[in-house]
Amino acid sequence: MAADGNTKPPKKLSLKENYAMLTRGLDWEPTYEKKEDIFQKIDFEGIKIHDWDKWEDPFRLTMDAYWKYQGEKERKLYAIIDAFQQGNGQFNVTDARYVQALKVFLNGIVELEYASHRGFCMLGREFPGAGPRIAAQMQSIDELRHATTQIHAISQYNKYFEGMENFPYQFDRVWYLSIPKSFFEDACTSGPFEFIVAISFAFEYVLTNLAFMPWMSGAAFNGDMSTVSFGFSAQSDEARHMTLGIEVIKFLLEQDPANVALVQKWIDKWFWRGYRLLALLATMMDYILPKRVMSWGEAWTIYYEENGGALFADLARYGIKPPKYADVTIKEKGRVSHEMWSVFYANRNALGFGIWLPSEEEMDWFSEKYPDTFDKYYRPRYEYWRQLEAEGKPFTCKVLPQLCQTCQWPCLYTEADDATEFVHRESDYKGEIFHFCSDGCKDIFDDEPEKFVHAWMPVNQIYQGNCFLPGVDPTAPDFNPMAEALKFMGLKPGVDGGLFKEHLDAKRWEQWTSRPANIHEGAYTDSVRSTETPTPRAKP
Amino acid sequence: MATNSTQPVFIAFQDNNDTRPIIDAIMADNPNAKLNEMPALVKIDCPGRLVVKRETISEHAGRDFDLREIYINLISLAGEVDESEDEFVLEWKSR
Amino acid sequence: MTVEIRTTGVKPIRNTFEHLAKRFGDKNATRYQEIAYDIQPLVNFHYKPLWDPTRDLYDVRRTAVVMKDWYALKDPRQYYYGAYTITRAKQQDALDRQLEFVEKRELLRVLPAAARQQLVKTLVPLRHYEFGANMNNSHMAGYGFGTIYTQAAMMNCMDRLGMAQHLSRIGLLTDGNTGESLTEGKRQWMEEAAWQGVRREVEHLFVTRDWFELHVAQNLVADSLVYPLFYQHFDAAFAAQNGSALSSLTDYLMRWYDETSRWVDAIVKTAAAESPENAKLISEWTVKWRDIWVAALEPAAAAALGDKAADVLAAVVAAFNTKAGKLGLKL
């Protein structure tokens with residue numbers, strides 16, 4: 001049918017061929033400008049790439065298919081979010097404690113998705129190969145999707161609960177939000193290869209399953225259809241990103257044997273940094289979810305020890321070893337969420353969400369899930385604190401904690417082999433002493449001290465007087481540095497943090513829903529109808 | 001290609017009407033697979049290698065299935081991916 | 001649903017986030033506003049970028065344009081990710097039917113060899129131009145300032161990959177999926193004199209680091225010349241000889257260009273209106289890049305349109321000058 005000499009029927013293209021035709025060969029060797037002037041950021045890290053064409057695109061998505069499938073996912077997701085909002089779904093969750101987790105999520109995680117979007121976008125500009133550039137761009141716009149859908153899904157909660165209304169402002173200032181902020185800024189300020197190893201591999205491939213699968217399943221279990229829908233919808237993109245993560249690693253390792261040592265160093269650094277970041281999620285899973293799907297300890301066993309173990313067994317053929325200090329994470333798995341919740345409890349007046357002590361029933365669950373640690377170390381502490389609360393003099397930390405120069409958590413972790421001894425490491429750099437929560441964090445600092453001395457450390461900033469709003473007079477007789485620092489951070493003293501049973505969210509929840517704000521404690525107020533039969537209040 | 005590895009791979013889907021035929025097909029095609037159900041999600045673990053076949057899903061769904069549709073409800077996976085029109089394979093290459 | 005009747009009467013304690021209430025009052029925000037405004041971190045950056053140690057991760061100093069509020073750079077389409085992808089999915093759906101129609105009837109393959117060659121040497125090289133625009137918009141989205149601008153640039157970046165792939169598909173429709181047209185298109189792009197000016201200037205854009213200048217040079221100037229020149233004027237000339245099969249496929253490009261121009265133009269107009277300094281700077285960039293691009297396009301236009309090329313190019317430039325004037329630029 002076709003004209004002269006063009007008579008063969010059109011060839012049927014497979015997915016791979018179609019992708020290759022439409023994508024490969026789009027780039028070219030520049031001749032009018034020097035390649036090193038176009039791609040300026042690719043050499044300084046020391047990674048050697050001999051042939052960018054050896055890159056295998058892990059997902060062969062052309063834009064038409066991308067729009068089609070992503071459009072379909074978005075239609076489904078927004079149908080659920082719309083229904084959730086129209087049906088006042090925020091009142092269908094288990095109790096008002098669950099909403100405290102969403103505050104950690106919105107205030108701490110949305111901005112990470114955003115940072116990831118910008119970071120991958122820079123990679124989408126800087127990689128000299130078309131394949132990796134396109135892969136990075138697709139991930140970049142996916143991450144923009146995640147920031148967007150998270151805000152949209154949680155927006156409804158903001159209208160009924162405290163502590164979410166100021167999230168971008170808080171992210172730049174709140175002391176514990178500097179943990180996630182510094183994590184991603186560390187990655188984005190690194191070179192492109194370190195960024196992609198850090199985020200695509202160490203963080204997404206090795207660690208995010210742990211966060212998203214049990215956590216999102218937990219959101220569903222607690223009746224939050226809005227969050228679970230965006231969570232799972234985001235995860236379907238992550239599955240593609242994880243494939244990118246493993247492809248990147250293989251590509252770097254196969255390109256030059258000299259890359260192995262650098263990649264190993266980054267895996268060690270970012271595994272540890274990611275693990276410390278996830279301590280936030282450990283507390284969300286173990287403490288904030290009113291109904292739990294699995295414990296942090298169980299999740300670590302399944303997703304790191306078993307699935308991560310398989311991954312590192314596979315990478316052994318390249319000479320890659322499991323991350324340094326992975327053994328410490330396993331030793332800490334029975335402790336990390338409890339240690340962090342204790343930090344939050346002690347510093348609850350400086351938080352953006354309400355805090356409570358676990359009930360008898362919850363402590364029994366911990367005893368079962370953490371047989372080696374909970375009854376020995378944490379139950380007695382909680383029982384003592386509960387007694388102090390009953391006596392009307394709840395335990396509070398009065399001094400600002402020493403922060404780790406690397407991960408920015410308070411230095412309140414315990415020694416890997418001794419849960420009664422706080423870890424304290426330090427390094428002397430140019431005559432100044434820097435403090436660390438762990439050997440992992442100290443090693444990271446020691447490798448790049450010039451980078452980490454520039455960290456914006458909230459506690460140090462408060463002491464230096466940099467955390468007060470304009471017009472505040474530190475010499476005034478009624479000057480309260482703590483209250484002023486909280487205002488600077490965008491936290492409302494007496495509203496956002498404190499004991500959950502006194503929290504506005506708890507009071508309003510009971511007034512609005514006639515259900516207990518904490519299903520494990522029974523009603524806090526008289527608003528809960530007598531027809532309800534709340535779980536009996538735990539005995540002190 | 002067969003693998004010698006017995007290291008676990010997994011694939012996880014949202015638990016909904018669209019994924020029933022996918023999950024049934026995977027369970028039919030992978031005798032060593034184990035189904036783990038959690039609230040709102042289904043995780044399928046399998047030692048070494050797991051294959052998702054378009055043809056089997058099409059049979060279970062009663063219609064032509066485009067394998068890329070699995071991405072709409074996919075939550076996560078572990079293992080190296082090899083993907084074509086007909087098969088989506090997850091596997092580890094080493095023991 | 002287990003919502004109790006009484007909860008449906010509960011009034012919200014606030015209607016939106018504080019940063020949006022500050023801008024628009026405490027009322028329900030749109031989904032566009034919720035992502036577009038104030039999401040990019042502004043202060044208290046932790047580390048100096050290893051790749052740019054004298055500036056912050058997000059830094060207003062990556063362009064010479066100055067804005068009091070970078071969030072003035074609103075996208076008139078108000079695209080957020082969902083609205084964007086769903087719109088593109090619908091458009092792609094319609095385009096797929098056009099492509100199928102052309103493919104089934106082999107409408108491009110049955111063209112005379114000379115016409116096919118003309119099509120391949122004129123349109124297929126532009127897939128590389130689009131891929132250059134893809135990289136340039138990635139630069140704007142990565143290094144630009146303020147989510148309201150950068151997210152739109154990100155969408156534009158992906159659009160350009162889509163356009164590159166669409167042009168590739170047009171090539172494959174002429175060669176029966178062998179890819180010969182793509183090879184020939186690339187040879188044209190790399191070797192033929194007609195394309196060297198264009199390729200030189202695309203590479204020139206790759207080393208242009210001021211992201212706002214890049215927006216002006218790529219999205220405003222180059223696109224406003226390239227799109228009408230090829231997808232309108234060349235298309236019309238080609239259709240006059242060979243029928244409208246090709247037009248059914250270039251129509252998509254022109255519709256996309258019309259839609260995207262609303263965003264591109266709004267950014268330029270708002271920034272130029274901000275201050276006389278901005279207006280002067282952006283006008284200078286516009287003149288500089290217009291002259292560069294007109295010169296670069298002359299041989300490509302001549303190869304595409306023969307002796308009509310000069311008149312067509314003059315008309316395209318005149319239309320551009322009029323548009324630029326309306327945006328507040330002095331050329």
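What you are looking at is a predicted structure, and each value in this text was computed from that prediction instead of being measured.

### Things to note about the overall build of chain C
So, step 1. Looking only at helices and strands, chain C features 13 helices and zero strands.
So, step 2. Across its three principal axes, chain C shows a C-alpha extent of roughly 70 × 55 × 40 Å.
So, step 3. The 331 residues of chain C split such that 63% are buried.
So, step 4. Taking the contacts inside chain C whose residues are at least 6 apart along the sequence as the reference set, 77% of them involve residues at least 24 apart.
So, step 5. About 11,900 Å² of surface is accessible on chain C, with carbon and sulfur atoms providing 54% of the total.
So, step 6. The positive charge centre, built from 40 side chains, and the negative charge centre, built from 39, are 4 Å apart in chain C.

### Notes on the overall build of chain B
So, step 1. Across its full length, chain B carries three helices and seven strands.
So, step 2. When the elements of chain B are put in sequence order from the N terminus, they spell out β-α-β-β-β-α-α-β-β-β.
So, step 3. For 95 residues, the compact-globule estimate of 2.2 N^0.38 gives 12 Å, and chain B sits close to it at 12 Å.
So, step 4. Each of the three principal axes of chain B carries a C-alpha extent, and together these read 35 × 30 × 20 Å.
So, step 5. A total of 95 residues make up chain B; the buried ones form 54% of that total.

### Focus: the pairing of strand S6 (residues 80-83) of chain B
Residue and element names in this part refer to chain B.
So, step 1. Sheet analysis places S6 next to strand S7 (residues 87-91), joined by four bridges and oriented antiparallel. By the bridge assignment, Asp82 is partnered in S7 with Val89.
So, step 2. Here S6 hands over to S7 after three residues, the two strands then running antiparallel side by side.

### Focus on the packing of helix H4 (residues 96-126) of chain A against helix H8 (residues 192-221) of chain A
Residues and elements named next belong to chain A.
So, step 1. Following both chains from N to C, one finds H4 and H8 inclined at 155 degrees, their axes separated by 12 Å at the closest point. The angle between the axes of H4 and H8 places the two elements in the roughly antiparallel class. When you trace H4 past H8, the crossing you get is left-handed. Counting all contacts with H4, which are made through Tyr98, Ala101, Phe105, Glu113, Ser116, Gly119, Phe120 and Leu123, the residues of H8 involved are Pro192, Phe195, Ile196, Ile199, Ser200, Phe212, Trp215, Met216 and Ala219.

### Overview of the sheet that holds strand S1 (residues 8-14) of chain B
So, step 1. Across the sheet, four strands lie side by side as S2-S3-S1-S5 (chain B); this open sheet has antiparallel pairing. Each of the sheet's edge strands pairs with one partner strand only, and the pair in question is strand S2 (34-38) and strand S5 (74-78) of chain B. Between one strand axis and the next, the sheet turns through 15 degrees on average, direction left out of account.
So, step 2. Note that S1(B) and S5(B) share four bridges and pair antiparallel. Across the sheet, Phe13(B) pairs through a bridge with Leu74(B), a residue of S5(B).
So, step 3. Along the sheet, helix H9 (residues 225-255) of chain A makes contact with S1, strand S3 (41-47) and S5 of chain B, crossing S5(B) at roughly 30 degrees.

### Side note on the interface of chain A and chain C
So, step 1. In this complex, chain A contributes 114 residues to the contact, which on the side of chain C involves 99 residues.
So, step 2. Counting the surface lost from both chain A and chain C, the interface buries some 9,600 Å², and carbon and sulfur atoms represent 59% of this.
So, step 3. The largest contributions to the chain A side of the interface with chain C come from Trp28(A), Tyr32(A) and Trp67(A), which together make up 10% of the buried area.
So, step 4. Linking chain A with chain C are four salt bridges.
So, step 5. With a shortest N-O distance of 3.8 Å, Glu165(A) and Arg14(C) are connected by a salt bridge.
So, step 6. Here chain A is connected to chain C by 59 residue pairs in polar contact (both at pLDDT 80 or more).
So, step 7. Here the side of chain A that touches chain C takes 16 residues from helix H5 (residues 130-158) of chain A, the largest share from any one element.

### Notes on the packing of helix H1 (residues 20-29) of chain B against helix H2 (residues 54-61) of chain B
Residues and elements named next belong to chain B.
So, step 1. Contact geometry of H1 with H2 gives a least axis separation of 8 Å together with a crossing angle of 130 degrees. As the angle between them shows, H1 and H2 are arranged oblique. The interaxial crossing formed by H1 with H2 has right-handed handedness. On the side of H1, the interface is formed by Pro21, Ile22, Asp24, Ala25, Ala28 and Asp29, while H2 contributes Thr56, Ile57, His60 and Ala61.

### Thoughts on the interface of chain B and chain A
So, step 1. Taken together, the contact between chain B and chain A spans 32 residues of the former and 40 residues of the latter.
So, step 2. Taking both sides of the interface into account, the surface hidden between chain B and chain A amounts to around 3,000 Å²; carbon and sulfur atoms contribute 60%.
So, step 3. When the area that chain B buries against chain A is broken down by residue, the three leading residues are Arg68(B), Ile72(B) and Trp92(B), summing to 20%.
So, step 4. Counting across the chain B and chain A interface gives four salt bridges.
So, step 5. Residues Glu80(B) and Arg317(A) are paired through a salt bridge, measuring 3.0 Å at the closest nitrogen-oxygen approach.
So, step 6. Of all the secondary structure elements, the ones that give two or more residues to the side of chain B that touches chain A are S1, S3, helix H3 (70-73), S5 and S6 of chain B.
So, step 7. When residues of the side of chain B that touches chain A are assigned to their parent elements, the largest contribution, five residues, is made by S5(B).
So, step 8. Among the residues making up the side of chain B that touches chain A, the classes are represented as 15 nonpolar, six polar and eleven charged.

### Focus: the nonpolar core
So, step 1. Ranked by size, the top nonpolar core spans 329 residues in total, and within it Phe230(C) and Trp293(C) carry the most contacts.
So, step 2. With 20 residues, the top contributor of residues to this core is H8(A).
So, step 3. Beyond its immediate stretch of four places on either side in the chain, Trp293(C) contacts Tyr129(C), Val198(C), Glu201(C), Val202(C), Leu205(C), Ala217(C), Val221(C), Ala222(C) and Leu225(C).
So, step 4. One finds Leu13(A), Met21(A), Leu22(A) and Val120(C) within the second-largest nonpolar core, a separate group that totals seven residues.

### A closer look at the packing of aromatic side chains
Residue and element names in this part refer to chain A.
So, step 1. With the rule as written, the count across this model stands at 80 aromatic pairs over all chains.
So, step 2. Considering the side-chain rings of Phe127 and Phe193, the 5.6 Å spacing of their centres and the 45 degrees angle between planes classify their relative orientation as tilted. In this pair, Phe127 is assigned in the loop between H4 and H5 and Phe193 in helix H8, connecting sequence segments 66 residues apart.
So, step 3. With relative accessibility at 3%, the residue Phe127 sits in the buried group.
So, step 4. Residue classification places Phe193 among the buried positions, given a relative accessible area of 2%.
So, step 5. Lying over the aromatic face of Tyr169, Arg173 brings its terminal NZ or CZ to 3.7 Å of the ring centre.

### Here's the deal with empty space enclosed by the protein
All names here are of chain A.
So, step 1. Per the stated rule, a full pass over the model turns up twelve cavities of 30 Å³ or more.
So, step 2. Volume-wise, the largest cavity comes out at about 240 Å³.
So, step 3. Lining of the largest cavity is provided by 21 residues; of these, Ile109, Leu112, Glu113, Phe203 and Phe212 occupy positions nearest its centre.
So, step 4. Elements that contribute at least two residues to the lining of the largest cavity include exactly H4, helix H7 (178-188), H8, H9 and helix H10 (259-288).
So, step 5. Counting residues per element, the lining of the largest cavity draws most heavily on H8, which supplies six residues.
So, step 6. Looking at side-chain class alone, the lining of the largest cavity contains 14 nonpolar, three polar and four charged residues.

### A word on unusual backbone geometry
All names here are of chain C.
So, step 1. Residues other than glycine seldom take positive phi values, yet Asn44 does so here, at roughly 60 degrees.
So, step 2. The residue Asn177 is not glycine, and still its phi comes out positive at about 65 degrees.
So, step 3. Assignment of secondary structure puts Asn177 in the loop between helix H7 (147-175) and helix H8 (180-191).
So, step 4. Asn177 gets classed as buried once you look at its relative accessible area, which sits at 9%.

### Here we look at the layout of surface pockets
So, step 1. What the largest pocket holds in volume is close to 1,100 Å³.
So, step 2. Taken together, 29 residues form the lining of the largest pocket, with Lys12(A), Leu13(A), Asn18(A), Asp64(A) and Glu103(C) sitting closest to its centre.
So, step 3. Only helix H1 (15-23) and helix H3 (63-86) of chain A together with helix H4 (81-104) and H7 of chain C provide two or more residues apiece to the lining of the largest pocket.
So, step 4. With seven residues, H4(C) is the largest single contributor of residues to the lining of the largest pocket.
So, step 5. Looking at the lining of the largest pocket, its residues break down into ten nonpolar, five polar and 14 charged.

Rules used in this analysis
Residues numbered from 1 in each chain as written. Chains lettered and ligands numbered in written order. Predicted model: local features only at pLDDT ≥ 70, side-chain atom pairs only at ≥ 80, totals over all residues. Heavy atoms only, no water. Helix = DSSP H or I, 4+ residues; strand = E, 2+ residues; numbered from the N terminus. Buried < 20%, exposed > 50% of the residue type's maximum accessible area, 1.4 Å probe, protein only. Contact = heavy atoms within 4.5 Å. Areas by Shrake-Rupley, 256 points an atom, 1.4 Å probe, with all protein chains shown as cover. Lys, Arg positive; Asp, Glu negative; His and termini not counted. Charge placed at Lys NZ, Arg CZ, Asp CG, Glu CD. Rg over C-alpha atoms; globule rule 2.2 N^0.38 Å. Pairing = 2+ DSSP bridges. Axes fitted to C-alpha atoms, helices over the stretch in contact; angles between N-to-C directions. Parallel < 35°, antiparallel > 145°, perpendicular 65-115°, else oblique. Left-handed = near helix turned anticlockwise from the far one by under 90°. Buried area = accessible area lost by both parts, 1.4 Å probe. Salt bridge = Lys/Arg side-chain N within 4 Å of Asp/Glu carboxyl O. Polar contact = N/O pair within 3.5 Å; in protein donor to acceptor, adjacent residues only side chain to side chain. Nonpolar A, V, L, I, M, F, W, Y, C, P; charged D, E, K, R; others polar. Core = buried A, V, L, I, M, F, W, Y, C linked by side-chain atoms within 4.5 Å. Phe/Tyr/Trp six-rings, centres within 6.5 Å; stacked < 30°, edge-to-face > 60°. Lys NZ or Arg CZ within 6 Å of the ring centre and 35° of its normal. 1 Å grid on protein atoms, 1.4 Å probe; cavity = no way out; pocket = protein on both sides within 12 Å on 5 of 7 lines; lining within 4 Å. Points joined across faces, edges and corners; volume = space filled by probe spheres on them.

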